[in-house]
Amino acid sequence: MGKRAVYPGMFDPVHNGHCDLIERSLRIFDELIVAVLANPSKQPLFSVKERLEMIDEATAGLTNLRIISFDGLLIDLVARENADCIVRGLRAITDFEYEFQMALMNRKLRSTVETVFMMPHERYTYLSSRLIKEVTSLGASAAELVPPLVEKRLVEKFSRK
Ligand code: PNS
C-alpha cells in the first residue's frame, strides 16, 4: 500500500502557495487528501462548498488527489482515512511555534501519525489567506496570488458588500 497524506487547513480561500504545496506533496506521497475544516470557531469568508469548489478548480488535472471537508479532530480524520502523514506548510519562522505545538499535540493524540513540513516556493512565502482577503477587501487585485476562480469569487464577494 502506498503512502497517503492529509493536507488540512481552512483554505479560506486557497491561494498559489497552497497549490504549490499540493503539487510538491504529490511528488512525495502516493495519494493526497486536501481536507477543508468545515466548522471552526472563526467565521470563514467562504462557505465550505465554495472553498471545496475553488480547490477543485485550482487542482484540475492533478491525479491521486482527493478534496474533502471535515469536522472535529484532524487526527480522527487521518485515522478514518488510513493516512500516514499530515502535511503542513512552513513559510517562515513565525509559523513555527504554532505548527510545532499542533504537530506535538497530534502526536500525543496518535503517536503513529507523522507531521511533515514542507516549504512552498520562496515566491509564495509572504502569502496568506488572511492578507489576501484584507487587500482584496480594500480594492487590490489578487490575480497574481490566487487561482483564477478565487480571484473572481473575491471580486464578487467584496463588490456585493
Ligand atoms: O489553515 P489553518 O487555519 O492553518 O488550519 C488549521 C487546522 C485546520 C489544521 C487546525 O485548526 C485543525 O487541525 N483543526 C481541527 C481540530 C483539531 O484537530 N484541533 C487540534 C489540533 S492539534
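Provided above is the structure to which this section pertains.
What counts and what doesn't
- Residues numbered from 1 in each chain as written.
- Predicted model: local features only at pLDDT ≥ 70, side-chain atom pairs only at ≥ 80, totals over all residues.
- Heavy atoms only, no water.
- Patch = residues over 30% accessible without salt bridge, like charges linked within 9 Å, V, L, I, M, F, W, Y side chains within 5 Å.
- Areas by Shrake-Rupley, 256 points an atom, 1.4 Å probe, with all protein chains shown as cover.
- Salt bridge = Lys/Arg side-chain N within 4 Å of Asp/Glu carboxyl O.
- Helix = DSSP H or I, 4+ residues; strand = E, 2+ residues; numbered from the N terminus.
- Near = heavy atom within 4 Å.
- Polar contact = N/O pair within 3.5 Å; in protein donor to acceptor, adjacent residues only side chain to side chain.
- 1 Å grid on protein atoms, 1.4 Å probe; cavity = no way out; pocket = protein on both sides within 12 Å on 5 of 7 lines; lining within 4 Å.
- Sits in = over half its atoms within 2 Å of the grid points.
- Nonpolar A, V, L, I, M, F, W, Y, C, P; charged D, E, K, R; others polar.
- Core = buried A, V, L, I, M, F, W, Y, C linked by side-chain atoms within 4.5 Å.
- Buried < 20%, exposed > 50% of the residue type's maximum accessible area, 1.4 Å probe, protein only.
- Contact = heavy atoms within 4.5 Å.

Trainee: Got a minute to help me understand a nonpolar patch on the surface in this structure?
Mentor: On the surface, a cluster of nonpolar side chains totalling about 410 Å² of accessible area is made up of Ile93, Phe96, Phe100 and Leu104. Here Leu104 is to be found in helix H4 (residues 93-109).

Trainee: Please clarify how the site of the ligand should be interpreted in this entry.
Mentor: Close to the ligand lie 14 residues, the nearest being Met10, Gly72, Leu73, Leu74 and Arg88. One of the backbone nitrogen or oxygen atoms of Met10 is found 2.9 Å away from an oxygen atom of the ligand. Between an oxygen atom of the ligand and a side-chain N or O atom of Arg88, the distance comes to 2.7 Å. For the ligand, whose free accessible area comes to 550 Å², the fraction covered by protein is 76%. If you map the ligand onto the pockets, it falls in the largest pocket. At the level of secondary structure, the elements contributing two or more residues to the shell around the ligand comprise strand S1 (4-9) and H4. It is H4 that contributes the most residues to the shell around the ligand, four residues altogether. Here the shell around the ligand is composed, by residue class, of nine nonpolar, three polar and two charged.

Trainee: Honestly, the nonpolar core in this entry has me stumped. Any pointers?
Mentor: Inside soluble globular proteins, nonpolar side chains tend to come together where they are buried. By size, the foremost hydrophobic cluster in this structure holds 30 residues, and its most contacted members are Tyr7, Leu32, Val34, Val87 and Leu154. Counting only elements with at least two residues in this core, the list comes to S1, helix H1 (16-28), strand S2 (31-37), helix H2 (48-58), strand S4 (85-89) and helix H6 (148-160). The residues contacting Tyr7, other than those within four sequence positions of it, are His18, Leu21, Ile22, Leu32, Ile33, Val34, Ala35 and Val87.

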